2 protein chains.
Amino acid sequence: MMTRTPDADVDYWAVIFTNQRSLGDDEAYEATAERMVELGSTMPGFLGIESTRNAQGLGITVSYWRSEDDLLAWKQVSEHAAAQAKGRSDWYSRYTTRIARVTREYSFESSDTDDHDS
Amino acid sequence: MMTRTPDADVDYWAVIFTNQRSLGDDEAYEATAERMVELGSTMPGFLGIESTRNAQGLGITVSYWRSEDDLLAWKQVSEHAAAQAKGRSDWYSRYTTRIARVTREYSFESSDTDDHDS
């Protein structure tokens, strides 16, 4: 998925989550990942999320937030904290989370429509 | 690939490039993408790069830089600018580039070794 975020003159925050999946437990993992997107998107200040993973299990998920306080509040939600713990015990062999302040953005969209999505 | 970046107390910069590949031209695309990693990693201030793409062609690449000036210098390199133009004409149906200042990071690594990489 790709997402729309505010205009370039508005600073907002990004959580860059780079992760390597362990083998197995795909069903429980997928269900929890979906639930976290559903739950996170109801949080105050949530702006959007982008996520992809290749066949070798390397994933990058970036979520966008209006303020640093908003993303810290999401980190503390108990169901989310439980999912993070499960991630460390069962689902990820390694990950790095980076908190960043987005200062500029620019986008391109082709007039052609022959992409994988269409 | 995943990458190591400086300690959490050192601010650095990230370029978050989210993109949707168009269909086709995979060989030329892959060769150019590899060349850009090779060339970019020789630039002053380059800290690392993380990149993944799913089967639907959705890719996220995040490159890390010591300073904003360093990432702007890379954007201007002529061979890189030519690749960006080719990206717009042939390779991407859409993309968003975001420039962000990383303020914190934390990492996890499992003691297990049953991941896709091993």
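Everything below is about the structure shown above.
Summary of the structure given here. Quick caveat: nothing in here was measured; it's all calculated off a predicted structure.

1. Notes on the nonpolar core
Most often, soluble globular proteins have nonpolar side chains that are buried together.
Argument step 1. A:Ile16, A:Val62, A:Tyr64, B:Ile16, B:Val62 and B:Tyr64 are the most contacted members of the largest nonpolar core, which totals 18 residues.
Argument step 2. Of all the secondary structure elements, the ones that give two or more residues to this core are β1 (12–21), β3 (58–65) and β4 (92–109) of chain A together with β1 (12–21), β3 (58–65) and β4 (92–109) of chain B.
Argument step 3. Filtering out sequence-adjacent residues up to four positions away, B:Val62 remains in contact with A:Ile16, A:Ile60, B:Ala14, B:Val15, B:Ile16, B:Gly48, B:Ile49 and B:Glu50.

2. Some points on the interface of chain A and chain B
Argument step 1. With 55 residues of chain A in contact, the opposing surface of chain B contributes 55 residues.
Argument step 2. Together chain A and chain B conceal approximately 5100 Å² of surface at their shared face, both sides included; 55% is due to carbon and sulfur atoms.
Argument step 3. One can count 6 salt bridges joining chain A with chain B.
Argument step 4. Its salt-bridge partner being A:Glu50, residue B:Arg98 comes within 3.3 Å of it at the nearest N-O pair.
Argument step 5. At the boundary of chain A and chain B, one finds 29 residue pairs in polar contact (both at pLDDT 80 or more).
Argument step 6. Counting only elements with at least two residues in the side of chain A that touches chain B, the list comes to β1, β2 (46–53), β3, α2 (68–76) and β4 of chain A.
Argument step 7. A total of 18 residues in the side of chain A that touches chain B trace back to one element, the largest contributor, which is β4(A).
Argument step 8. For the side of chain A that touches chain B, the class distribution of residues is 20 nonpolar, 19 polar and 16 charged.
Argument step 9. Summarising the sheet, β4(A) and β4(B) pair through 15 bridges and their orientation is antiparallel. Paired with A:Arg104 across the strands is B:Ile99, a residue of β4(B).

3. Considering the packing of helix α1 (residues 26–40) of chain A against helix α3 (residues 78–91) of chain A
Residue and element names in this part refer to chain A.
Argument step 1. In the contact formed by α1 and α3, the axes pass within 11 Å of each other and the chain directions differ by 150°. The orientation of α1 relative to α3 falls into the category roughly antiparallel. When you trace α1 past α3, the crossing you get is left-handed. Two secondary-structure elements touch here, α1 through Ala 28, Tyr 29, Thr 32, Arg 35, Met 36 and Leu 39 and α3 through Glu 79, His 80, Ala 83 and Trp 91.
Argument step 2. Classifying every residue of the contact of α1 with α3 gives 6 nonpolar, 2 polar and 2 charged.

Thresholds applied
Residues numbered from 1 in each chain as written. Chains lettered and ligands numbered in written order. Predicted model: local features only at pLDDT ≥ 70, side-chain atom pairs only at ≥ 80, totals over all residues. Heavy atoms only, no water. Core = buried A, V, L, I, M, F, W, Y, C linked by side-chain atoms within 4.5 Å. Buried < 20%, exposed > 50% of the residue type's maximum accessible area, 1.4 Å probe, protein only. Helix = DSSP H or I, 4+ residues; strand = E, 2+ residues; numbered from the N terminus. Contact = heavy atoms within 4.5 Å. Buried area = accessible area lost by both parts, 1.4 Å probe. Salt bridge = Lys/Arg side-chain N within 4 Å of Asp/Glu carboxyl O. Polar contact = N/O pair within 3.5 Å; in protein donor to acceptor, adjacent residues only side chain to side chain. Nonpolar A, V, L, I, M, F, W, Y, C, P; charged D, E, K, R; others polar. Pairing = 2+ DSSP bridges. Axes fitted to C-alpha atoms, helices over the stretch in contact; angles between N-to-C directions. Parallel < 35°, antiparallel > 145°, perpendicular 65-115°, else oblique. Left-handed = near helix turned anticlockwise from the far one by under 90°.

Nothing here speaks to function; it is geometry throughout.
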